[in-house]
Amino acid sequence: MSLSQFYANPNEPGFTVPNVSTVTAEIENRISNRISLRKQFDRLQQHLDGVQEMQALNDFEQQAVNVLTSNKATEAFDINQEPEAIRERQAAINGGSNCCWREDWLSRVWN
């Protein structure tokens, strides 16, 4: 394409806009196929997103079931496994309450 085509006079006989032509049946078919393909990719991506979300939900649900059904949860909340000094410190923090969290309970439950 030459520079003169950018400055062509639209009033001259035979003037055409560069890269614009009549749409043939073949071109229309190709455009339609490309749009259809893009829509298929969009649907596939939406499906995969949904599958990944479901898998993530299933993973979290499985972790929750594991926490509730394993002996790790029982061990994690067993205050008797906590050293006496830590239990006394927790009691002081909690205003003398006997309620005390195991300091390492999360690591025991989730690992």
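Conventions we followed
- Residue indices follow the written sequence of each chain, beginning from 1 at its first position.
- For this predicted model, a pLDDT threshold of at least 70 governs which residues receive local features, and a threshold of 80 or more governs which side-chain atom pairs are given and counted, while totals over whole chains, interfaces and linings are taken from all residues.
- No hydrogens and no water enter the side-chain calculation; it runs on all heavy atoms of the structure.
- The helix and strand labels rest on DSSP assignments: H or I over at least four residues marks a helix, E over at least two residues marks a strand, and numbering proceeds from the N terminus.
- Think of it in three bands: residues with accessible area under 20% of the maximum for their type are buried, residues over 50% are exposed, and the middle band is partly exposed, with areas taken using a 1.4 Å probe on protein chains only.
- Contacts are assigned to residue pairs that have any heavy atoms within 4.5 Å of one another.
- The predictor's confidence in any single residue is recorded as pLDDT, a number from 0 to 100.
- Here, a salt bridge means any side-chain nitrogen of Lys or Arg that lies within 4 Å of a carboxyl oxygen of Asp or Glu.

Asks: Lay out the overall build of the protein chain with the relevant residues and their values.
Replies: A tally of regular secondary structure across the protein chain gives five helices and zero strands. Its helices and strands in sequence order give the protein chain the pattern α-α-α-α-α, from N to C terminus. A buried classification covers 8% of the 111 residues belonging to the protein chain. When contacts within the protein chain are restricted to residue pairs at least 6 apart in sequence, those whose partners lie at least 24 apart make up 40%.

Asks: Give a description of the confidence of the model for the protein chain that names residues and reports values.
Replies: Considering every residue of the protein chain, the mean pLDDT works out to 76; 77% of them sit at 70 or more. Summarising per-element confidence for the protein chain, the mean pLDDT is lowest in helix α5 (residues 105–110) (54) and highest in helix α2 (residues 25–69) (85).

Asks: Any details on the pattern of salt bridges? Residues and values, ideally.
Replies: Think of it this way: side chains of opposite charge can pair up when their charged atoms draw near. If you walk through the whole model with that rule in mind, you get one salt bridge. Across the salt bridge formed by Arg38 and Asp42, the nearest N and O atoms sit 3.1 Å from each other. Residue Arg38 and its partner Asp42 are both found in helix α2; the two are separated by four residues, about one turn of the helix. For Asp42, a relative accessible area of 37% corresponds to the partly exposed category.

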